[in-house]
Amino acid sequence: MMPCECKSGFFALRDCGEPALGQCSVCSRTMCREHAAIESQLSQCRDCWARQAQADTTRDPNRREVYDDDWAYSYRHRYYAAGYAPVYTGHHYHHYYDDYDTRSFAQADASEIDDGDIRAGFGDS
Amino acid sequence: MQGPALAPAQRAVVARRRLAGEFTAEALLEQLRAIAGFDADNDARRQRYGGFAIAAFVAVVICLFLAIPFGRAALVVALAAFVAAIVLGVLWKRLAAADISDNVRDVALPFLAIVKQDLAPGAMVSVDLDLAPATDAAKRTGVSPPYARGSYTKVVDTSYRDAWFSGSARLADASVLRWHVVDEVIESKRSKRSRSNKWKTKTHEVKRSAIAVSVALPTKTYAVAAGAAKPNLKLALAADDKRTTVKLVRKIKAKDLDPIDPRALIDTVAEAYRRVTPARSATP
C-alpha cells in the first residue's frame with residue numbers, strides 16, 4: 001500500500017508514515033485519513049483544502065475560530081507563505097512543498113535523499 | 001465556536017481558574033475549546049446584560065421625571081425598570097465573577113493547536129495555564145502611594161505580575177519545547193477635579209509581556225547555527241553531547257490589556273527552528 005505523501009508538523013515537517021486511503025483531487029498526492037479534509041468529503045488533502053478555504057472571499061472573517069487541525073493547516077500555509085521555511089526531517093520529499101522553500105534540501109546532498117520525484121526541489125528551493 | 005455546556009471537570013477548571021497537568025494534545029485542546037466557547041458566550045451575555053441594565057436605569061430616571069405629568073403609571077414603570085436594572089446588574093456581576101482571561105482563547109488555544117502539529121500522535125503536553133485576568137487581586141504585587149502628575153492631582157499605580165502560561169512538550173522530532181509567558185501590568189488610576197468640581201478618574205494600563213522559549217534540539221538530527229538574534233529577541237545557546245538548547249526571550253510592550261498576538265509566541269519557537277539544518281548524520 002502506498003504511504004501518505006502529505007507531511008505533518010509545523011515548525012519542522014516530517015513524513016506522515018500512515019498508509020494512504022486515497023488521492024487528493026487537486027495535488028494528486030496520496031493521503032491518509034488524517035490528512036484528508038473531512039469537509040471536502042475526503043476528496044482533498046488538508047493542505048489543498050486550506051489553500052482553497054483561504055482563497056474563499058465569502059467566508060465570514062468574524063466567525064469564531066475552532067482552532068482544529070483544519071485551522072492549523074490553513075495557518076501553516078499562511079505562515080510558510082509569509083516567509084517561514086520549514087526544516088524537513090523526513091525521507092520522502094514531495095515537490096508540493098517547494099513553494100515554501102523548505103530548507104533541508106538546499107543544504108543536504110541530493111544523492112543522499114530518496115524523494116521519488118525528479119522535481120524534489122534541490123536546485124530550486 | 002458554539003458555547004457548549006461545560007462538563008463537570010471543565011466547570012471545576014473555570015471555578016479554580018487554573019488548568020495544570022499533563023494531557024494529550026487532543027484532550028487539552030478539547031478542554032480549552034469548551035472553556036473558550038463558554039468564555040466567549042459569557043462575554044457576549046455580560047455585554048448584553050450590562051447594556052440592558054444601563055438602559056433600565058436610564059428608564060428609571062426618565063420615568064421619575066414623567067411621574068410629574070403622568071402620575072402613578074409612570075411610577076409603576078419606573079419601579080419595574082428599577083427591579084429589571086437590579087436583576088440585570090446581579091446577573092452581570094455573576095457572569096463577571098466567572099470571567100476568565102481572553103489569553104485562553106486568543107493565545108493559548110491557537111498556540112497549542114500549532115504545537116499539536118509537531119507532536120507524535122498521543123504525545124503528552126504539560127501545561128500550567130492561569131485563567132484569571134491579569135488584574136486579579138491575587139496577582140497584585142504592589143500599590144504606589146498617591147502622587148500628582150500633570151493635571152492629575154491623585155495618581156495611584158497598581159502593579160500586577162501574571163505568569164499565566166507555561167508548559168513543555170516532547171516533539172515528534174525528539175526536541176523538547178518549553179515556554180513561559182509572563183505579563184507585568186501597571187494599572188494607573190488618575191484622578192482630577194473637573195470644572196464642575198467633580199472628581200473624574202481615568203484608568204491607564206501598560207503591559208509588558210515576556211515570552212521565554214527554549215527548544216532542546218537533538219544533535220543527532222539538527223545542526224544549530226548561532227547567528228545574531230533579531231533586535232527584539234535575546235538568544236542563548238547551550239550544548240551538551242545529546243542536545244543543543246536554543247533559549248529565546250522576547251519582550252512586548254502594549255498600552256492595553258489585550259492578549260498578545262499568538263504569532264509572537266509561534267514566531268519565537270520558529271526563531272529557534274530557523275537556526276537549524278538537518279545534521280549530516282540525520283540525512284538518509
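What you see as residue numbers is a count from 1 along each chain, following the sequence as written. Written order determines the labels here, with chains lettered from A and ligands numbered from 1. Totals for whole chains, interfaces and linings use every residue, but because this is a predicted model, local features are given only for residues with pLDDT of at least 70 and side-chain atom pairs only at 80 or more, for both listing and counting.

Side note on the overall build of chain A
Point 1. Secondary structure elements are taken from DSSP: a helix is a run of H or I of four residues or more, a strand is a run of E of two residues or more, and numbering for both begins at the N terminus. In terms of helices and strands, chain A carries three helices and five strands.
Point 2. When the elements of chain A are put in sequence order from the N terminus, they spell out β-β-β-β-α-α-β-α.
Point 3. Each residue gets a C-beta atom placed from its backbone, and two residues are in contact if those atoms lie within 7 Å. When contacts within chain A are restricted to residue pairs at least 6 apart in sequence, those whose partners lie at least 24 apart make up 36%.

Describing the domain arrangement of chain B
Note on interface size: it is often stated as the accessible area lost on association of the parts.
Residues and elements named next belong to chain B.
Point 1. Domain start and end points were adopted from an automatic or database domain assignment. Domain boundaries assigned for chain B yield domain 1 (1–16 + 27–100) and domain 2 (101–282).
Point 2. Here the C-alpha centre of domain 2 lies 32 Å away from the C-alpha centre of domain 1.
Point 3. In this assembly, 11 residues from domain 1 lie in contact with 12 residues from domain 2.
Point 4. Broken down by element, the residue count for the side of domain 1 that touches domain 2 peaks at eight residues, all from helix α2 (residues 25–70).

Regarding the nonpolar core
Residue and element names in this part refer to chain B.
Point 1. To form a nonpolar core, buried Ala, Val, Leu, Ile, Met, Phe, Trp, Tyr and Cys residues must be joined through C-beta atoms within 7 Å. With C-beta atoms placed from the backbone, a residue is labelled by how many other C-beta atoms lie within 10 Å of its own: buried for 20 or more, exposed for 12 or fewer, partly exposed between the two. By size, the foremost hydrophobic cluster in this structure holds 74 residues, and its most contacted members are L32, V104, A108, L112 and V269.
Point 2. For this core, the element with the most residues is helix α4 (residues 103–117), which contributes nine residues.
Point 3. Each of domain 1 (1–16 + 27–100) and domain 2 (101–282) accounts for three or more of the residues forming this core.
Point 4. Once residues lying within four places of it in the same chain are set aside, the contact partners of V104 are L32, I35, A36, D39, L109, L129 and L131.

Digging into the packing of helix α1 (residues 8–16) of chain B against α2 of chain B
Residue and element names in this part refer to chain B.
Point 1. With axes taken as lines fitted to C-alpha atoms, and helix axes fitted only over the stretch in contact, angles between N-to-C directions fall between 0 and 180 degrees. Running from N to C, α1 and α2 cross one another at 65°; their axes reach a closest spacing of 10 Å. In terms of crossing hand, the pair formed by α1 and α2 is right-handed. Of the residues in α2, those touching α1 at Q10, V13 and V14 are Q31, A34, I35 and F38.
Point 2. In terms of residue class, the contact of α1 with α2 is built from five nonpolar, two polar and no charged. The handedness criterion is simple: a crossing whose near helix is rotated anticlockwise from the far helix by less than a right angle is left-handed, and one whose near helix is rotated clockwise is right-handed. Each residue is assigned to one class: nonpolar for Ala, Val, Leu, Ile, Met, Phe, Trp, Tyr, Cys and Pro, charged for Asp, Glu, Lys and Arg, and polar for all the others, Gly among them.

Digging into the packing of α2 of chain B against α4 of chain B
All names here are of chain B.
Point 1. For the pair α2 and α4, interaxial distance at closest approach is 10 Å and the crossing angle is 160°. Overall, the two elements α2 and α4 adopt an arrangement that is roughly antiparallel. The two elements α2 and α4 cross, and the hand of that crossing is left-handed. Contacts between α2 and α4 involve A25, L28, L29, L32, R33, I35, A36, D39 and A40 from the former and V104, R105, A108, L109, L112, A113 and K116 from the latter.
Point 2. Of the residues contributing to the contact of α2 with α4, the split by class is 12 nonpolar, no polar and four charged. Reported orientations rely on four angle classes, namely roughly parallel under 35 degrees, roughly antiparallel over 145, roughly perpendicular from 65 to 115, and oblique for the rest.

Regarding unusual backbone geometry
Residue and element names in this part refer to chain A.
Point 1. Of note in the backbone geometry, S28 takes a positive phi value of approximately 70° without being a glycine.
Point 2. Relative to the assigned elements, S28 resides in the loop between β3 (22–23) and β4 (30–31).
Point 3. What makes S28 exposed here is the crowd of 12 C-beta atoms within 10 Å.
Point 4. Not every positive phi belongs to a glycine, and L42 is a case in point at roughly 65°.
Point 5. In this structure, L42 sits in the loop between β4 and α1 (46–55).

A word on the sheet that holds strand β1 (residues 7–8) of chain A
Residues and elements named next belong to chain A.
Point 1. Here three strands make up an open sheet; going across it, the order is β1-β2-β5 and the pairing mixed. Only two strands of the sheet have a single neighbouring strand rather than two, namely β1 and β5 (87–88).
Point 2. Strands were regarded as paired on the criterion that DSSP finds at least two bridges between them. In the sheet, strand β2 (residues 12–15) pairs with β5 via two bridges, with the strands oriented parallel. Directly across from A12, in β5, lies its bridge partner V87.

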